[in-house]
Amino acid sequence: MTYPLHIVTGKGGVGKTRYSLLLAREIESAQLSERGQQLILESQKIGLVCPPIYHISLQDLLAEFLMGVIKVQSLASFAAKSKLLQNIVRTAPNLEELLLLKKWKLISNKHPLVVDGPSTGNLIALVESIKTAQSMFDTGFLRHIADELDQAFLEPHRIHIHIVSLPENSALEEMKQIHQRVKDIYPDIKIHLILNRRHQKPDAHFDQDPELSRLAFERPELEAKRIATYDFDSVIFEGGTQLERAS
Amino acid sequence: MNEQVNFIWGAGGVGKSHYAVRRLAQAPEGSLLITLDPSPRIFHLLHIEKAAEVTPFQLAGRPYFIKATDADLLFERLNQAAPANAQVKKYYFQLVQGLQEFRDYLALIQLAEDLSQQNYPCIIVDTPPFHEAVGLHHSISTLREFFEKSVVQLAVRSSFMNMGVRKVIEVSRLFMGKRAVDEALGFLDWLHLHLERFQKAAGILDEMLFSPKTTHSMVLTPETPQNYLSEVKSFFERSSQVRFIMNRSVDHYHVEGKTDSLSHEIQQMQKQQKNLEENIQSSFQDYQFKKIPFVLMGDDSLEELNKFISI
């Protein structure tokens, strides 16, 4: 049995890390993955217990990849330390992304996995890496990896993409673009849209100076206009640590 | 020779594009705004079409110029100098699509060439959002290294090529297939023809970045993580003129002792802003500091932009 792989993306600064934590909390026995070290910091900030996290380095990716060819763990680990080989992986287009996807897929063979993923431009590179690899490599181990990943992306409910946005024009626009780009490559893939930091109007007794009152009442209205044409799956209100299902 | 160059840095979502336009409006007429950001955000703000060539436009009734760096345009220039075959062209654009660092390097090479050729009273450089926070700084500081020491040099088929490296490349055929490796090597051979040009561009950029005539502005908001400053510290320490901009500043709101949710939100942000300002004071010397108060924005109209410019 395999489990879903959830990849969280969005414009820089929209709250991917927080959403990743809240999503992992919702999914039974989910684990988390990240490239940086933000998950623990964020979980401490919002008072959430953090599930197990996989930190994945380029050296780890390379070692696992080489194991597929060399078949001897100690040799593969030794070769993976080579800066030249790491440079080759970095320089080859989409290669690092391909290896990363393979690793996440492997982990999600054992547990549901939520990846605090890359920002939108890099998510596109990630998704495109499969098709790029299929067009570049006629044969060989990398072609085999690309074909396996392609199958996973085509399998219903195996891969979920979660796009987080703020109720701001630039973030919403980027969400729309990436939604379209991913659908262009994999039309049937499951995509969830999440709105973070939505502001609510205060109650009628809100008593503040005029400038703050204006902010309190006008901001939610402005946001409502901006998000009117979007169909969000979940909303996180400003300062909140709950995922609210959008009505 | 350009009088002054201003680099605008900042994480995604801090209002960097808005600030870059604001800086331009403060610069002499006829100044140039170059954007390295692959997204057309700044063009949307200005309500003009994205342009890879220098394009005149009006801002607050005054004439300025704008251009975007563009991988296609650079390829055309490189192709004119040394024609690429169809396979090399394909590989180039795959790298552009698939490798963040490569896109950064191309943008920087174009920037260096533009800066050395153009004459403007002032040039504002809008940088892309950071990739893993360090991003473009790292790309700049390793640009020279990339073209001098990287696999580009090592993998070239020359009589001086290290036999061990050749073996590694041959072994790569096992993973990638013969065609992919031959394409990669063909691309590297072509790239090598332009090596001197790239090295020259890297040198120009390195020299100009830390020139006394160059200002580096870092746009922050009260929500910028504290550790962000330590990641950019070594870069800014080398800079002659550094400016920190606290965009969406909230310290002008009076919310002490209030318990509603908005006041609580602002109180948190005020605390974060204060910590950030103290962090800047203790970590940096000889810098300018400016605050732009929080303004409710949202329709991206020219009217709104002009209002932001004049705050």
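Higher on the page you've got the structure.
Here the structure is a predicted model, which means the values were calculated and not measured. (Residues numbered from 1 in each chain as written. Chains lettered and ligands numbered in written order. Predicted model: local features only at pLDDT ≥ 70, side-chain atom pairs only at ≥ 80, totals over all residues. Heavy atoms only, no water.)

Visitor: Help me get a handle on the packing of helix α6 (residues 95–107) of chain A against helix α8 (residues 141–154) of chain A, residues and values and all.
Guide: Residues and elements named next belong to chain A. Direction vectors running N to C along α6 and α8 enclose 55 degrees, while the axes themselves pass 10 Å from each other. One way to sum up the angle between α6 and α8 is to call them oblique. Along this stretch, α6 crosses α8, giving a crossing that reads as left-handed. For the pair α6 and α8, contact is made by Leu 95, Leu 98, Leu 99, Leu 101, Lys 102 and Lys 105 and by Leu 142, Ile 145, Ala 146, Glu 148, Leu 149, Ala 152 and Phe 153, respectively. Residue composition of the contact of α6 with α8, by class: ten nonpolar, no polar and three charged. (Axes fitted to C-alpha atoms, helices over the stretch in contact; angles between N-to-C directions. Helix = DSSP H or I, 4+ residues; strand = E, 2+ residues; numbered from the N terminus. Parallel < 35°, antiparallel > 145°, perpendicular 65-115°, else oblique. Left-handed = near helix turned anticlockwise from the far one by under 90°. Contact = heavy atoms within 4.5 Å. Nonpolar A, V, L, I, M, F, W, Y, C, P; charged D, E, K, R; others polar.)

Visitor: If you had to explain the packing of aromatic side chains to someone new, which residues and values would you point to?
Guide: Residues and elements named next belong to chain B. By the definition in use, this model includes 13 aromatic pairs over all chains. Note on Tyr 92 and Trp 190: the rings are 6.2 Å apart at their centroids and 90 degrees apart in plane angle, and the pair reads as edge-to-face. Within this pair, whereas Tyr 92 is found in helix α4 (residues 86–98), its partner Trp 190 is found in helix α9 (residues 178–193), the two being separated by 98 residues in sequence. For the pair shown, Tyr 92 and Trp 190 are each scored as buried. Taking the centre distance of 5.5 Å and the plane angle of 85 degrees together, the rings of Phe 244 and Tyr 287 count as edge-to-face. Here Phe 244 is found in strand β7 (residues 241–249), whereas its partner Tyr 287 is found in strand β8 (residues 287–293), with 43 residues between them in sequence. Residue classification places Phe 244 among the buried positions, given a relative accessible area of 0%. Members of the aromatic cluster, each reached through a chain of ring pairs, are Phe 75, Tyr 92, Phe 93 and Trp 190. Residue placement shows Arg 22 over the ring face of Phe 308; its charged tip is 5.6 Å from the ring centre. Note that Lys 233 overlies the ring of Phe 284, its terminal NZ or CZ placed 5.6 Å from the centroid. (Phe/Tyr/Trp six-rings, centres within 6.5 Å; stacked < 30°, edge-to-face > 60°. Buried < 20%, exposed > 50% of the residue type's maximum accessible area, 1.4 Å probe, protein only. Lys NZ or Arg CZ within 6 Å of the ring centre and 35° of its normal.)

Visitor: Describe the nonpolar core, with residues and values.
Guide: Formed by 110 residues in total, the largest nonpolar core has its most connected members in Trp 104 and Ile 161 of chain A together with Tyr 92, Phe 187 and Trp 190 of chain B. Setting aside residues up to four positions removed in sequence, Phe 187 of chain B forms contacts with Val 88, Tyr 91, Tyr 92, Leu 95 and Phe 102 of chain B. With 25 residues, the next largest nonpolar core counts Ile 8, Phe 57, Val 219 and Leu 305 of chain B among its residues. (Core = buried A, V, L, I, M, F, W, Y, C linked by side-chain atoms within 4.5 Å.)

Visitor: With reference to specific residues and values, describe helix α13 (residues 302–309) of chain B.
Guide: Regarding α13 of chain B, the residues found buried are Glu 304, Leu 305, Phe 308 and Ile 309 of chain B. Each buried residue of α13 of chain B lies within a common arc of 140 degrees when the element is viewed along its axis, so the set occupies one face. (Arc of directions from axis to C-beta.)

Visitor: How would you explain the sheet that holds strand β1 (residues 5–10) of chain A if you had to name every residue and give the values?
Guide: Residue and element names in this part refer to chain A. Read from one edge to the other, the open sheet built from eight strands follows the order β3-β2-β4-β1-β5-β6-β7-β8, with strand pairing classed as mixed. Only two strands of the sheet have a single partner each, and these edge strands are β3 (53–55) and β8 (244–245). Contacts from helix α2 (residues 38–46) reach β2 (31–34), β3 and β4 (113–119) within the one sheet, and its direction differs from that of β2 by about 125 degrees. Against the sheet, α6 touches β1, β2, β3 and β4, its axis set at about 135 degrees to β1. (Pairing = 2+ DSSP bridges.)

Visitor: Tell me about the pairing of β2 of chain A, residues and numbers included.
Guide: Residue and element names in this part refer to chain A. Alternating positions in β2 separate into two faces, Gln 31 and Ser 33 on one and Leu 32 and Glu 34 on the other, with burial throughout. By the bridge criterion, four bridges tie β2 to β4 in an arrangement that is parallel. Looking at β4, one finds that Leu 32 is bridged to Val 114. For β2 and β3, the ladder comprises three bridges, and the chain directions are parallel. Directly across from Leu 32, in β3, lies its bridge partner Ile 53.

Visitor: Describe in detail the pattern of salt bridges, supporting the description with residues and values.
Guide: Between side chains of opposite charge, a pair can form as their charged atoms come close. Residues and elements named next belong to chain B. In this structure the tally under the stated criterion is 23 salt bridges over all chains. As a salt-bridge pair, Glu 113 and Arg 77 come within 3.4 Å of each other at their nearest N and O atoms. Taken together, the positions of Glu 113 in helix α5 (residues 100–117) and Arg 77 in helix α3 (residues 71–81) put the pair 36 residues apart, joining distant regions of the chain. Owing to a relative accessible area of 22%, Arg 77 belongs among the partly exposed residues under this scheme. If you follow the salt bridges from partner to partner, you end up with Lys 67, Arg 77, Glu 113, Asp 114 and Arg 197 in one network. (Salt bridge = Lys/Arg side-chain N within 4 Å of Asp/Glu carboxyl O.)

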